[in-house]
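One-letter residues, chain by chain:
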Amino acid sequence: MSQKVLLNATEVNIILHRLACQLIEKHNDFSNTVLIGLQPRGKFLAKRLAKILVEEYKIKDLKLGLLDITFYRDDFRRSDKPLEANTTEINFVVENKNVVFIDDVLYTGRSIRAALTAIQSFGRPEEIELLTLIDRRFSRHLPIQPNYRGRQVDAINKEKVIVQWQEQAEEDAVYLINN
């Protein structure tokens, strides 16, 4: 098994600030926009972006939610082990709001499809966008593309992209693992 560093902590930080600026360009003061981190791994990226937007760019009243998509996935019954659901933490209505889904890696697109179904329980958004730290090209099963991407990666075959956050690991980093 080999491991290659795709992004180190400095590069992740630069990308997070670029993504925050791109969000500000499109959504200005976020008065009609909400950020939704997809559980479990998208929550780290969503919380980090929200922190940058509030603390460094002085966005007031930013709404951040976390969406669990476990039982909306089309493959949740295909595993022999029982799934552990995460919590959904959305204390606002998304009706007529611009929603930005946030996830760490866009791979097949199935998680995003599940999120599109799950968010309907909270209202009908005006628009839905997608922000991902890593966009794995050539791996899509569904016609889903991000509006905002940190880095595009051409991972093939059995290569796996692993995102580590300092909140759960030693530091921020993105690795390409070849099994």
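Note that the structure is a prediction, hence the values are computed from the model and not measured. (Residues numbered from 1 in each chain as written. Predicted model: local features only at pLDDT ≥ 70, side-chain atom pairs only at ≥ 80, totals over all residues. Heavy atoms only, no water.)

Here we take up the packing of helix α1 (residues 9–27) against helix α2 (residues 42–56). α2 packs onto α1 with a crossing angle of 70° between their chain directions and a minimal axis gap of 10 Å. As summarised for this structure, α1 and α2 are arranged roughly perpendicular, according to the angle between their axes. In this structure, the crossing between α1 and α2 has a hand that is right-handed. Facing α1, whose interface residues are L16, H17, L19, A20, L23 and I24, α2 presents L45, R48, L49, I52, L53 and E56. Residues belonging to the contact of α1 with α2 are distributed by class as follows: 9 nonpolar, 1 polar and 2 charged. (Axes fitted to C-alpha atoms, helices over the stretch in contact; angles between N-to-C directions. Helix = DSSP H or I, 4+ residues; strand = E, 2+ residues; numbered from the N terminus. Parallel < 35°, antiparallel > 145°, perpendicular 65-115°, else oblique. Left-handed = near helix turned anticlockwise from the far one by under 90°. Contact = heavy atoms within 4.5 Å. Nonpolar A, V, L, I, M, F, W, Y, C, P; charged D, E, K, R; others polar.)

Turning next to the sheet that holds strand β5 (residues 127–136). Here we have 5 strands laid out as an open sheet, ordered β3-β2-β4-β5-β6, and parallel in their pairing. In this open sheet, the two edge strands, each paired with only one partner strand, are β3 (63–67) and β6 (148–153). Strand after strand, the sheet turns through a mean of 25° between neighbouring axes, direction not considered. Pairing analysis gives 5 bridges linking strand β2 (residues 33–38) to strand β4 (residues 98–106), with the strands arranged parallel. The residue bridging G37 from the neighbouring strand is I102, located in β4. The sheet contacts of α2 involve β2, β3, β4 and β5, and relative to β4 the element is tilted by about 125°. Its contacts with the sheet place helix α3 (residues 110–118) against β2, β3, β4 and β5, and it is angled at close to 155° to β4. (Pairing = 2+ DSSP bridges.)

In this section: the nonpolar core. Where a protein is soluble and globular, its nonpolar side chains tend to be buried together. The biggest cluster of nonpolar side chains holds 33 residues, and the ones touching the most others in it are L131, I134 and V174. Of all the secondary-structure elements, those providing two or more residues to this core are β1 (2–7), α1, α2, β4, β5, β6, β7 (159–164) and β8 (173–178). If we skip the residues at most four places from it in the chain, I134 touches L7, D104, V105, L106, R151, V153, V161, V163 and V174. The next biggest cluster of nonpolar side chains, apart from the first, holds 18 residues, and it includes L38, I90, A118 and I119. (Core = buried A, V, L, I, M, F, W, Y, C linked by side-chain atoms within 4.5 Å. Buried < 20%, exposed > 50% of the residue type's maximum accessible area, 1.4 Å probe, protein only.)

Our focus in this paragraph is α3. All of the buried residues in α3 are S111, I112, A114, A115 and A118. The arc that holds every buried residue of α3, seen down its axis, measures 160°, which confines them to one face. Next to the buried residues of α3 lie β2, β3, β4 and β5. (Arc of directions from axis to C-beta.)

Without other data, these values stay purely geometric and don't point to any function.
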